[in-house]
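Commentary on secondary and tertiary structure
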Amino acid sequence: MSLIQLAFSNFKRSLREYAALIISLSFSIFIFFNFQNIVYSDSMDVLNSMKKEYIDVVVNAASVVFGVFLFFFIWYATNVFLKQRKKEIGIYTFMGLDNIRIGKMYALEAFFIGLFSLVIGLATGAGFSKLFQMLLLKLSEISVDIRFSFTLKPVLVTAAVFFIIYGLMILKGYVSITRSSVLSMLSGAKQEEMKPEKTWLTLIKVITGILILAAGYICAVRTGEIDTLTYAFAAVVLVIAGTYLLFGGAIPFFIRKLTGRKDFLYQKQRTLWINNLSYRIQRNYRTYAMVTILMICSVSVLGTSIAMKQRYDKMTHFRDTFTIQVVAQEEMDKDEIEKGIEQENKVEYSAEVSYLMLDPSYFHTEYTNSNYGIIPYSQVKNAAGQAHLKFGYSELKQDEVIELSHVILMSFVGYNGPKEVQIGDDKFRILAEDDTPYLGEMQGAMSIYVVNDEVYKKLEPLGIVAHMYNYKLEDPANLDASRPYLKSLAEQGEDGLWNVGVNFNSPEGKDEAWIRVMYSLCVFMFVTLILAGGSIIFIKLNNDACEDRERYGVLMKLGIDRETLGKSIRQEIRFTYYCPFLLMTVTSWFAIKALGNVMKEDLFKVNIYSAVSILAVFTGIYLVSVRVFRRKVLD
């Protein structure tokens, strides 16, 4: 029998053993292929009018992130596979095979697994590509007709990326086998018992891990201030480092303490599963840390998706508050304009305000703008009432102002310390920064401050008064019907400046379609990351079951009944799934808090929903793991 035949025979015989690995790899390929299909196929060319180039950038960025994740996932999965196979293929040494041939046989067997996973992933990806795109556009609230399109380029890109990463892992395993001794291969799947270390060294690792993690939490909370990017980067690095140190130092330390307490150990089968954890925790802490980080990433991705959806809805509301805005230097008849509009469209509501345009030299602020204006408190209050907008501010004091802003997707520009603005010779305290669209899209075109009415009268001689007339159409889609009349109102002076200007706010919002695609992609990333975390633990437990089969057989021969061993198995697997979940729950609060600071959103409920979703997924995988583990070691 040739090496190829022997490797293929092993692959077929152990196909059920590799099921978790193949499913995980195939699902990852499925997602990556569909990302590439969005970019390279012509099935979504209908989005050209919606800034498809932006959508392609978003999808490519998501593909890069997913590619990095795929690299580490394949790295871990192939390492576990290598451990499982080392003992069995080491036996071939006694059959006359040298390490080089054994290494080749391992490489061929791993290649068959990779090829099988790739075929399944590409086949399901191509078969469900239209459904994937339909779901993506449904989540993105984009109504277009999708046609099935298949091109070779997404297949080639996906296969190339996968086999480059997977090939490197096969090569790594091949080198490891060729350099291994027979003894190391025969004991390759064995977990090393946790080695005792000096107490002072353990305490240093525990304290360092806790301090680094706490520092990461502090940096996360401080995002949204002036150094947001710095704090965000520091938080990511510190939380990852702290998580690894916590699982490598603090958790083994507490497990060792528990094994030394007889009043705790000799109850409820704890002597079995606690000692088992103590036996293998030294090697498994990296797995726990990796799964915890994946879970934190999944919560952050889902939080990003929901936060972007909320911000997009606010941006849409901001844009659609007024369909038409007429700005004039001289007063016009608001009702007369409305009558002209209603020749073709019904006006739902209207609002009228006057504001003062001042030269930028009068303003002394931290951030400069080319257009500045001020508006009296009473004008904004009346306009809010006419447009059915909330306005919960009491009469402003002489030294107070409200800064009107517009809704943006996210901001990495923060501010720490009291905010104030100097207008002319007077300084004013900024009471609040409000993005309610009292003036519609005009708030995004200039920096405008709400001031006390008396202050406005004092400053009025310094600038030019502008009059704004805002109208909301009942059917914004019919805006074009009123364009000829409104364009007839526009008037340009001899100096080239517009005495009367008209602004149209289209309800379509095609320029922001990429935002909707982005938060939809985040949902797919969330599902991928959380299933990857569950798959890693499942693969790890499958490896543990192979190792523990003989040990549980000995325990049953010693008279320990199956029910007792089953309870011990459940306890150990429960710790494996829920210990990372508990740390993720704590860390995710800080991660979501940081995200909320950047997105200017309250995401506490998002944090709860995300954690509950992960808990439900992990509970399902936990129940399956218990069933599979029991069957492997007890039946």
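In case you missed it, the structure is sitting above this.
One structure accompanies this document, and this report is about it. This structure is a prediction, so every number in the text was calculated from the model and none was measured.

Digging into the overall build of the protein
Across its full length, the protein carries 19 helices and eleven strands. Looking at the protein as a whole, 51% of its 635 residues are labelled buried. Working note: accessible area of the protein is about 30100 Å², and carbon and sulfur atoms make up 60% of it.

Points about a negative patch on the surface
A contiguous patch of negative charge on the surface is contributed by Glu 330, Glu 331, Asp 333, Asp 335, Glu 336 and Glu 352. Within the secondary structure, Glu 331 sits in the loop between strand S1 (324-328) and helix H12 (334-341). For Glu 331, a relative accessible area of 63% translates into the label exposed.

Re the pattern of salt bridges
Close approach of charged atoms lets side chains of opposite charge pair. On inspection of all chains with the given rule, the structure shows six salt bridges. The residue Lys 309 makes a salt bridge to Asp 313 at a minimum N-O spacing of 2.9 Å. One end of the pair is Lys 309 and the other is Asp 313, both in helix H11 (residues 270-320) and four residues apart, which spans about a single turn. By relative accessible area, Asp 313 is classed as partly exposed at 35%. For Asp 480, the salt bridge identified is with Arg 483, shortest N-O distance 2.5 Å. Of the residues examined, Asp 480 reaches a relative accessible area of 52% and is grouped as exposed. In this structure Arg 483 comes out as partly exposed when scored by relative accessible area, which is 24%.

Some remarks on the pairing of strand S6 (residues 420-423)
Taking every second residue as pointing to the same face, the buried face of S6 carries Val 421 and Ile 423, while none of Glu 420 and Gln 422 on the other face is buried. Where strand S3 (residues 363-364) lies against S6, two bridges are found, and the strand directions are antiparallel. Looking at the pairing, His 364 lines up with Gln 422 of S6. The pairing of S6 with strand S7 (residues 426-434) spans four bridges and is antiparallel.

Considerations on the packing of aromatic side chains
In this structure the tally under the stated criterion is 19 aromatic pairs. Their ring planes at 25° and their centres at 5.9 Å tell us that Phe 247 and Tyr 288 sit as a pair that is stacked. Highlighted residues: Phe 247 in helix H9 (residues 228-259) and Tyr 288 in helix H11, separated in sequence by 41 residues. With a relative accessible area of 1%, Phe 247 lands in the buried category. Relative accessible area serves as the criterion here: at 3%, Tyr 288 is assigned to the buried category. Ring geometry for Trp 589 versus Phe 590: centroids 5.0 Å apart, planes at 85°, classification edge-to-face. Taking relative accessible area as the criterion, Trp 589 reaches 38% and is therefore assigned partly exposed. Aromatic rings pair up to connect Phe 111, Phe 112, Phe 162, Phe 163 and Tyr 166 into one cluster. The residue whose ring lies beneath Arg 483 is Phe 504, and the NZ or CZ to ring-centre distance is 4.5 Å.

A look at the packing of helix H8 (residues 199-221) against helix H18 (residues 562-599)
One can describe the packing of H8 onto H18 by two numbers: an axis separation of 8 Å at closest approach and a directional angle of 25°. In terms of orientation, H8 and H18 fall into the roughly parallel class. Here Leu 213, Tyr 217, Ala 220 and Val 221 of H8 come into contact with H18, specifically with Leu 583, Val 586, Thr 587, Trp 589, Phe 590, Ala 594 and Asn 597. Of the residues in the contact of H8 with H18, the class split is nine nonpolar, two polar and no charged.

Regarding the nonpolar core
Grouped together as the largest cluster of nonpolar side chains are 124 residues, with contacts concentrated most on Tyr 577 and Ile 614. The biggest single contributor to this core is helix H17 (residues 513-557), with 19 residues. Membership of the second largest hydrophobic core comes to 25 residues, among which are Ala 384, Leu 396, Met 442 and Val 450.

Some points on unusual backbone geometry
Unusually for a residue other than glycine, His 388 sits at a positive phi of about 60°. As for its position among the elements, His 388 is in the loop between helix H13 (377-386) and strand S5 (400-404).

Looking at the side chain of Ser 405
Within the secondary structure, Ser 405 sits in the loop between S5 and S6. Of the residues examined, Ser 405 reaches a relative accessible area of 13% and is grouped as buried. Look past the residues within four positions of Ser 405 in its chain and what remains in contact with it is Phe 318, Glu 433, Asp 434, Asp 435 and Gln 443.

What counts as what
- Residues numbered from 1 in each chain as written.
- Predicted model: local features only at pLDDT ≥ 70, side-chain atom pairs only at ≥ 80, totals over all residues.
- Heavy atoms only, no water.
- Helix = DSSP H or I, 4+ residues; strand = E, 2+ residues; numbered from the N terminus.
- Buried < 20%, exposed > 50% of the residue type's maximum accessible area, 1.4 Å probe, protein only.
- Areas by Shrake-Rupley, 256 points an atom, 1.4 Å probe, with all protein chains shown as cover.
- Patch = residues over 30% accessible without salt bridge, like charges linked within 9 Å, V, L, I, M, F, W, Y side chains within 5 Å.
- Salt bridge = Lys/Arg side-chain N within 4 Å of Asp/Glu carboxyl O.
- Lys, Arg positive; Asp, Glu negative; His and termini not counted.
- Charge placed at Lys NZ, Arg CZ, Asp CG, Glu CD.
- Pairing = 2+ DSSP bridges.
- Phe/Tyr/Trp six-rings, centres within 6.5 Å; stacked < 30°, edge-to-face > 60°.
- Lys NZ or Arg CZ within 6 Å of the ring centre and 35° of its normal.
- Axes fitted to C-alpha atoms, helices over the stretch in contact; angles between N-to-C directions.
- Parallel < 35°, antiparallel > 145°, perpendicular 65-115°, else oblique.
- Contact = heavy atoms within 4.5 Å.
- Nonpolar A, V, L, I, M, F, W, Y, C, P; charged D, E, K, R; others polar.
- Core = buried A, V, L, I, M, F, W, Y, C linked by side-chain atoms within 4.5 Å.

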